[in-house]
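Fold and geometry: a report
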Amino acid sequence: MCAKTLRSVHEHRKPASLRGRSFKRPTTGRFDINGDERKFKKKHSKANGIVSPMPNGKPTTSKKVNGMVNGVNGHAVVHMEDEADTSSGRGVATSSKYAAIQEQRANLPIARGETHSTIPAISIHDPSFATIGKEALLNEFREHDVTVLLGETGSGKTTQVPQYLLESGLAGEGMIAVTQPRRVAATSLAARVAAEQNGRVGSVVGYSVRFDERSSTDTRIKYLTDGMIFRELLSDPLLSKYSVVIVDEAHERSLRTDLLIANLKTIQQKRNDASQGKGKGKEKEKERLKIIIMSATLDAEKFAKFFPGSKIIYVQGRQHPVTIYHSAQGQLDYVDSAMRTFFQIHVDQPPGDVLIFLPGQEDIESLDNSIRLYANQLPPNQQEVLICTMYASQAPGQNAKVFNATPPNTRKCILATNIAETSITIPGVKYVIDTGKCKEKRYLAKNTGGGFDTLMTRDITKSSAMQRAGRAGREGPGFCFRLYTEESFKSMALSAEPEIMRSISALKTLFLIGGLDQSGEITQLGREMAAFPLEPVYSRAVLASKEYGCTNEVLTIIAVLSASSKVFVDSSEQRDAVAEARKKFKHGSGDHLTVLNVVRAYKDVALSENKSGRREWCRKHFLNERALLEANDIREQLQQTCERLGIDWKVSCGDGDEPVIQSFGQGLAMNTAFLQPDGTYKQTMGQSTVKIHPSSTLCDKKAPTIVYDEVVYTNQIYARGVSIISKSFLAGLGALKVRQA
DNA sequence: GAGCACTGC
């Protein structure tokens, strides 16, 4: 019976080729899953370090990866980077605490001279590294305008290098900027470094992220998000208040980091040219700009090539050894394989939590069910299994459960998406199971039959696989089980294709909505659009709302759509209750005004209820309060932008829906479609046929003409965030269609 | 009638 139930769990999974696979229920007390297909090839059983791929494809073991074993003399491991303790930095440390912090600083690999230097364009894996210490590192910074600093997690480079530059006087009179791709990293790093400087955040060490800035005239080291430094570029194109700009996490190749690096090159040339012409000595130094690119070990030479004359320096990390196993044969059904591997660990291996990487929610739920089913049949003397799931659209409270301490005699099993790869560090993990899969959003070009975003399961990259394995070695020696062969690993791409290479399809949209003219120059409308911290299509909708007299409503809706997390929370267990709760907010015109109804209802509740009452109301209605609060912040920021541009944001259309939707139509002109006899929709500007996503309030409503926020191709091509738009509005787009042609 | 990785202003 159980086998049947399990099969049915898997039956609905894709791909279809996997259907019908069954799992034999164990007949003995011992859960023997060590069948033929489940033999792992163990690599370097006595290895002292991660098996790292060489550029030439030969795996090697790197012994020095292991900082603890090399002797940190019993000091607790201090993770100096993304997990820096935020709370410790809020106040001024006591003198004994300060002394302890300084001792920790001195013991970091970067301070102890575990750095290597090599000449540019030579592989960083070259064995002929010279070991240099802090002073030598500073000399390299002094002698080179651009330094590429490679370092593994835990090396302390992000916290220490800015302080070295400050303490040595190398930064001169100017400030040191350290850019980060994520907000939490910027704020927690500033807290940590402020504590190391025995000061408060906002004095010598500060940060700047959206909605939150802590800096003053005293501030010399500033951690900021790459988005914020772009805002600063608008008012100070040469970044003149900074003498050093450090770009951290450059290997992630985010759109903004890439653009920032490109801009920095130009800025440096301009500033260094200017400094040649005038002044001497100190004055000259003040003008010059130093750039430090910090990156994980892959991709270094690309950055070095981009900056001729730059220097590559390598810093050891502090990571415990992780033994990596590859599956002997390829696995067709990675969910099934993950389950077998989990129980193999659970039965045979010493205590320690297990982290399983899966591509998405659907697989997580499926594996959750399977493990639950079989965990109940384990003999009573076995440890309990506690399953935690973690993915972006899950309620925040549910996600937070992974941080709870594991109860006694229990093994925690965490089923997570990429969310656990970089953003979040989960304590207690000793074993990692890596399915080798992830989901990636990718723009499918028109000439290949697309013209829209796709979200597909695909193989991860080598650098992703390394990152996942590393998650097992944060607190002690760990193990990583890869559900793919070593050959598959070798054939993986080195690292993700830079975002800039797979996302930009925006030029035509900008032209269509009037942000650019025919020669590609920015228009007056485009300039106003750029003032808003929004996607251009939504900036356009705000500007249109001025004409339609509904700025108030449009700002509210856009603020919610722009929040980082979704307002509607998923719960597969309470599906009916979710549907029932959604009904209350439903607006006949579609999803945009439904969002407005949610915000209005929340505001009503906020008038009569206290904090816990509001929270309870959100929980009951399956709404994410954090998203609503963030939307409120965004709304206030948008109001300020409106005021700067002389737009009256108080103008309201009351209960009217038509003006609101038409405002969106101006921005989302590309995303309009009309009903065809077979019930699908044909795009007005594009050849594709789309369906309304089942999560939409308009699903199955057969609205004649629609406007939507986005198209995503999963199993079918779906339009999401859909509202009914008038036929006459669509007819009015005829002129745009001509422009498009 | 299906299910959605991660960021940023």
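Anything mentioned here points back to the structure above.
Attention here is on the structure that accompanies the text.

Reading the values: rules and limits
- Residues numbered from 1 in each chain as written.
- Chains lettered and ligands numbered in written order.
- Predicted model: local features only at pLDDT ≥ 70, side-chain atom pairs only at ≥ 80, totals over all residues.
- Heavy atoms only, no water.
- Helix = DSSP H or I, 4+ residues; strand = E, 2+ residues; numbered from the N terminus.
- Buried < 20%, exposed > 50% of the residue type's maximum accessible area, 1.4 Å probe, protein only.
- Contact = heavy atoms within 4.5 Å.
- Areas by Shrake-Rupley, 256 points an atom, 1.4 Å probe, with all protein chains shown as cover.
- Near = heavy atom within 4 Å.
- Polar contact = N/O pair within 3.5 Å; in protein donor to acceptor, adjacent residues only side chain to side chain.
- Axes fitted to C-alpha atoms, helices over the stretch in contact; angles between N-to-C directions.
- Parallel < 35°, antiparallel > 145°, perpendicular 65-115°, else oblique.
- Nonpolar A, V, L, I, M, F, W, Y, C, P; charged D, E, K, R; others polar.
- Phe/Tyr/Trp six-rings, centres within 6.5 Å; stacked < 30°, edge-to-face > 60°.
- Core = buried A, V, L, I, M, F, W, Y, C linked by side-chain atoms within 4.5 Å.

Topic: the overall build of chain A
Of regular secondary structure, chain A possesses 26 helices and 26 strands. When burial is assessed residue by residue, chain A has 52% of its 741 residues classed as buried. The long-range share in chain A, meaning contacts at least 24 apart out of those at least 6 apart in sequence, stands at 72%. Approximately 33500 Å² of chain A is accessible, and the part contributed by carbon and sulfur atoms is 51%.

Comments concerning the protein's contact with DNA strand B
Around DNA strand B, 33 residues are found, and the nearest of them are R183, A392, R575, N715 and R720. One of the backbone nitrogen or oxygen atoms of R183 is found 2.3 Å away from a phosphate oxygen of DNA strand B. One of the backbone N or O atoms of Q361 is found 3.1 Å from a phosphate oxygen in DNA strand B. At the level of secondary structure, the elements contributing two or more residues to the surface near DNA strand B comprise α6 (226-235), β19 (437-444) and β26 (717-724).

Quick word on the packing of helix α21 (residues 591-608) against helix α23 (residues 625-644)
Their axes nearest at 12 Å, the elements α21 and α23 cross at an angle of 95°. Accordingly, the angle class assigned to the pair α21 and α23 is roughly perpendicular. Packed against α21, whose contacting residues are V598, V599 and Y602, the element α23 presents E625, L628 and L629 at the interface. Taken together, the residues of the contact of α21 with α23 sort by class into five nonpolar, no polar and one charged.

Thoughts on the side chain of T257
Note that T257 resides in helix α7 (residues 255-277). At 3.1 Å, the side chain of T257 and the side chain of D226 are in polar contact. The contacts of T257, once residues within four sequence positions are left out, are D226, V247 and A250.

Here's the deal with the packing of aromatic side chains
The final tally for this structure, using the stated rule, is eight aromatic pairs. Ring geometry for Y538 and F664: centres 6.2 Å apart, planes at 75°, overall edge-to-face. Of this pair, Y538 sits in helix α18 (residues 536-548) while F664 sits in helix α24 (residues 658-667), and the two are 126 residues apart along the sequence. Note on accessibility: Y538 and F664 belong to one class, buried. Ring centres of F585 and W617 lie 6.0 Å apart, and the angle between their planes is 75°; this geometry places the pair in the edge-to-face category. Linking F585 in the loop between α20 (575-583) and α21 with W617 in helix α22 (residues 611-620), this pair joins segments that are 32 residues apart in sequence. Residues F585 and W617 agree in their burial class; the two are buried. An aromatic cluster of three or more residues is present, and its members are Y325, Y431, F479 and F481.

Examining the environment of V712
Along the chain, V712 falls in strand β25 (residues 705-713). A residue is classified by how much of its surface remains accessible, and V712, at 4% relative accessible area, is buried. When the C-alpha atoms of V712 and F452 are compared, they prove to be 6.7 Å apart, with 260 residues separating the residues in sequence.

Some details on the nonpolar core
Core analysis: the biggest nonpolar cluster contains 52 residues, and F532, V542, V554, I558, W617 and F664 have the highest contact counts within it. Elements with a contribution of two residues or more to this core: α18, α19 (551-562), α21, α22, α23, α24 and α25 (727-732). In terms of nonpolar packing, the next biggest core, distinct from the first, is built from 31 residues, L189, V201, M294 and I313 among them.

So yeah, pure geometry; function would need other evidence.
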